[in-house]
Amino acid sequence: MTDFDAIDALLASVQEETALPPVAERRRLREALGLSRTQVAAVLGVSASTVGGWESGREPSGEIRAKYGYFLEGALAKVGAEEVTPGTGDEAEAPVVEASVAEEPAPPVEEVAGGAPLAAPAPCVLCGAPAVHQVEGFPQHLDAADCQAATPAATAPREQAPPAAAVEPTAPAPTKLVPAGRRAKEADSPDLIARAVEAALAAHGGDVENATAALVKRAIPDAMALLDETRKGARYQVIAHPPMPDILRRKSAKGPDEIWEARPNWTRPELPAGRHEVTALDVNGAYLSALKTHLPIGALEHSTGNVHDRRRAGVHLITPPAWDLEHLLPNPLGNREESGEFWVTEPTLRLLLRLSSDPYGLCEPPVIHESWTSGATEGLLEKFRIALKDARDRAIAEDDTVTLEYVKAMYSKFVSTMGESNYNRELYRSDWMHLIRSQAFANLWMKAYKCFDEGLVVVRAMGTDELHVSGDWRQIFTEGRAVTEVKVKDVYTLGDDEPDPPADA
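The structure presented is a predicted model; accordingly, all values stated were derived computationally and were not measured. (Residues numbered from 1 in each chain as written. Predicted model: local features only at pLDDT ≥ 70, side-chain atom pairs only at ≥ 80, totals over all residues. Heavy atoms only, no water.)

Participant: Can you help me understand the side chain of Thr293 in this one?
Facilitator: With respect to the helices and strands, the residue Thr293 is situated in the loop between helix 9 (286–290) and strand 9 (295–296). According to the relative accessible area criterion, Thr293 is buried, its value standing at 1%. (Helix = DSSP H or I, 4+ residues; strand = E, 2+ residues; numbered from the N terminus. Buried < 20%, exposed > 50% of the residue type's maximum accessible area, 1.4 Å probe, protein only.)

Participant: Honestly, helix 11 (residues 382–397) in this entry has me stumped. Any pointers?
Facilitator: Given 3.6 residues per helical turn, the α-helix brings residues three or four places apart onto the same face. Relative to the 22 Å expected for 16 residues at 1.5 Å per residue, helix 11 spans 22 Å between its end C-alpha atoms, a close match to the ideal helical length. Those residues of helix 11 that sit buried are Glu382, Phe384, Arg385, Leu388, Ala391, Arg392, Ala395 and Ile396. Next to the buried residues of helix 11 lie helix 6 (192–203), helix 8 (219–230), helix 9 and helix 12 (401–416). (Expected span 1.5 Å × (residues − 1). Contact = heavy atoms within 4.5 Å.)

Participant: Looking at this structure, how should I read the packing of helix 6 against helix 12?
Facilitator: The description of two packed helices rests on the angle between their axes and on the distance between the axes. In contact at an axis separation of 10 Å, helix 6 and helix 12 are set at 120° when each is read in the N-to-C sense. In terms of their interaxial angle, helix 6 and helix 12 are classed as oblique. Considering the relative orientation of helix 6 and helix 12, their crossing is right-handed. Within the contact between the two elements, helix 6 uses Ile193, Ala196, Val197 and Leu201 and helix 12 uses Val402, Thr403, Tyr406, Val407 and Met410. Of the residues contributing to the contact of helix 6 with helix 12, the split by class is eight nonpolar, one polar and no charged. (Axes fitted to C-alpha atoms, helices over the stretch in contact; angles between N-to-C directions. Parallel < 35°, antiparallel > 145°, perpendicular 65-115°, else oblique. Left-handed = near helix turned anticlockwise from the far one by under 90°. Nonpolar A, V, L, I, M, F, W, Y, C, P; charged D, E, K, R; others polar.)

Participant: How should I be thinking about the pattern of salt bridges in this particular structure?
Facilitator: A side chain of one charge can pair with a side chain of the opposite charge if their charged atoms are brought near each other. Inspection of the entire model under this criterion finds 23 salt bridges. Residue Lys232 is joined to Glu229 by a salt bridge in which the shortest nitrogen-to-oxygen separation is 3.1 Å. Classification of Lys232 by relative accessible area gives exposed; the value is 55%. The closest approach of N and O atoms between Glu466 and Lys489, which form a salt bridge, is 3.1 Å. Residue Glu466 is located in strand 15 (residues 466–470), and its partner Lys489 is located in strand 16 (residues 486–494); the two are separated by 23 residues in the primary sequence. Classification of Glu466 by relative accessible area gives buried; the value is 17%. Taken together, the salt bridges that share partners define one network made up of Arg27, Arg30, Glu31, Arg37 and Glu55. (Salt bridge = Lys/Arg side-chain N within 4 Å of Asp/Glu carboxyl O.)

Participant: Help me understand unusual backbone geometry, please; the structure alone is not making it clear to me.
Facilitator: A negative phi angle is the norm for most residues apart from glycine, just as the trans form is the norm for most peptide bonds. Put simply, Asp358 and Pro359 share a cis peptide bond, and its omega is 5°. Position of Pro359 among the secondary structure elements: in the loop between helix 10 (346–355) and strand 13 (367–377). The phi angle at Ala262 is positive, at roughly 65°, despite the residue not being glycine. Mapped onto the secondary structure, Ala262 falls in the loop between strand 6 (259–260) and strand 7 (265–267). Here Ala262 falls in the buried class, since its relative accessible area comes to 6%. Positive phi outside glycine occurs at Asp399, with the angle close to 55°. For Asp399, the location among the structural elements is in the loop between helix 11 and helix 12.

Participant: I'm lost on helix 13 (residues 430–453) in this one. Help?
Facilitator: The end-to-end C-alpha distance of helix 13, which contains 24 residues, comes to 35 Å, matching closely the 34 Å that a straight helix rising 1.5 Å per residue would cover. With respect to burial, helix 13 is a largely interior element, 18 of its 24 residues being buried. Looking one or two residues beyond helix 13, the residue adopting positive phi is Gly455, at roughly 95°.

Participant: Help me out: how do you make sense of the packing of helix 6 against helix 8 in this one?
Facilitator: Between helix 6 and helix 8, whose axes approach to 10 Å, the crossing angle comes to 150°. Note that helix 6 runs across helix 8; the crossing there is right-handed. For the pair formed by helix 6 and helix 8, the contact residues are Leu192, Ile193 and Ala196 on the first element and Asp222, Ala225, Leu226 and Glu229 on the second.

Participant: Is there a simple way to think about empty space enclosed by the protein in this case?
Facilitator: Taking a probe equal in size to a water molecule and rolling it over the atoms shows the remaining empty space. This model, assessed by the stated rule, comprises one cavity of 30 Å³ or more. Here the largest cavity is characterised by a volume of approximately 60 Å³. Considering the residues around the largest cavity, the lining is formed by Glu261, Ala262, Pro264, Asn331, Pro332, Thr348, Leu351, Ser438, Phe441, Ala442 and Trp445. Listing elements by their share of the lining of the largest cavity, those giving two or more residues are helix 10 and helix 13. With four residues, helix 13 is the largest single contributor of residues to the lining of the largest cavity. (1 Å grid on protein atoms, 1.4 Å probe; cavity = no way out; pocket = protein on both sides within 12 Å on 5 of 7 lines; lining within 4 Å. Points joined across faces, edges and corners; volume = space filled by probe spheres on them.)

Participant: What is the right way to read the environment of Glu73 from this model?
Facilitator: Structurally, Glu73 is set in helix 5 (residues 62–82). For Glu73, a relative accessible area of 57% translates into the label exposed.

Participant: Would you mind going over the sheet that holds strand 7 with me for this structure?
Facilitator: The strand order across the open sheet formed by five strands is 7-14-15-8-16, and the pairing between neighbours is antiparallel. Lying at the two open borders of the sheet, with one neighbouring strand each, are strand 7 and strand 16. With strand direction ignored, the average angle separating the axes of adjacent strands in the sheet is 20°. As defined by bridge partners, strand 8 (residues 276–283) adjoins strand 15 across five bridges and the pair is classed as antiparallel. Each residue of the ladder has a partner; that of Ala280, found in strand 15, is His468. With respect to the sheet, helix 13 is in contact with strand 8, strand 14 (457–462) and strand 15, its orientation differing from that of strand 15 by roughly 5°. (Pairing = 2+ DSSP bridges.)

Participant: Could you clarify how one ought to interpret the packing of aromatic side chains in this entry?
Facilitator: For any pair of aromatic rings, the description consists of the separation of the ring centres together with the inter-plane angle of the planes. In the structure shown here, the tally under the stated rule is seven aromatic pairs. When the centroid spacing of 6.0 Å and the interplanar angle of 75° are considered together, the rings of Trp323 and Trp445 count as edge-to-face. Of the two residues, Trp323 sits in the loop between strand 11 (312–319) and strand 12 (342–345) while Trp445 sits in helix 13, which places them 122 residues apart along the sequence. You'll find Trp323 and Trp445 in the same group, each marked buried. For the ring pair Phe384 and Phe414, a centre distance of 4.8 Å and an interplane angle of 55° mean the geometry is tilted. Remark: Phe414 occurs in helix 12 and Phe384 occurs in helix 11; sequence separation between them is 30 residues. Members of the aromatic cluster, joined through ring pairs, are Trp323, Tyr360, Trp445, Tyr449 and Phe452. Over the face of the ring belonging to Trp260 we find Arg336, whose NZ or CZ atom lies 5.0 Å from the ring centre. The ring of Phe342 has Arg336 lying over it, and the distance from NZ or CZ to the ring centre is 3.9 Å. (Phe/Tyr/Trp six-rings, centres within 6.5 Å; stacked < 30°, edge-to-face > 60°. Lys NZ or Arg CZ within 6 Å of the ring centre and 35° of its normal.)

As structure tokens, then:
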């Protein structure tokens, strides 16, 4: 194949994108048929906020663009047919329509033109509720009484549609499950995130920017409402306003308390000889992942002695071990200049104990002097975390920036305001705030160690989510936007090229 043949083949493989009507026309067509964004979203397999975005300036792509274009084309034809006024002489040019199903009793299923059973229930094109038949290629209720669309479109005459092969039946939505003893049952919790996004878009006429700003502004109370919903039926009764020891109280309005969170801010002092390509990686959803940590359930209780009970969690006064690997890895305690004993959180203590034991053996174990702890569980916020993660994943898959920014604000503000904050009076747990933050730092440290263990050069580690490495990081991490993946923030080079070998004398 010549270069010109390859170019021709490449051009032939490019498919022309489906043309879509102007933004204002998309919304007008939907509203003219009396359809909600939820109904349209259901048949296209996206969220209502995604449809709202398309009606306010965003553009779909690929297969979903073709489906949306097909819907709009059909909507335009249907609206045009319904707007023809009898007696104007235009009747002869109007599309031929079937007789209204309201004129006579519905015939048996086998006799309905275009009606056929579906292999599995799919959202009705009119109301979005599960339907077991399709009419002219569209999932739809055959009996108007079964259709939940409270609009004239539910019983309006149906225009002759294109062949059924042009539209694939929408797959039924997955059924969410929750544990129920030894069995599983269907989850009955409402999707508060999707509901809030849809309401915000409706209130702002589909304006993505204003809807996002409104949702971010109410992220804290909405996060608390989601927490309450996900805590229904939980085994543990959380104490939201327990008495806190003085070490967890601020010494001044803007001053810190006595807890050290071990935030890293480390740069390797020297690099091996040679030139190094360094990749700055961004860890996705660091605080979201850190919600899975051992959190104390009740009020903290004081104890003394060099003993650690893994069934409890809290804060601990320790004398830290010496760290002799600063030239290779960051100190798991972060950049602390003061020496002597100080208070650390449960994640930091557990990380130090882990690194002091087999198979790591990187330091001596810390000495514990006293502790403030309570019975703990790692699953206290798990349902809350999963709800946020699922919404984030869906938003990324559907290019739904409204939901994505809303979810980010929910979990970041939830963590930052659960201490002594005037922005969140429903939850005063300074201990939780410190533990979740330090869990994010511990997670980043373990990612750095994994790179080191696989032979990469660790160059920098900062905050909760920034890791700079030299080497083939793709053998360890997957690039992407999911919580378990990383993004590339920057690529740069350090060091000098290898010197030429000396010439033979």
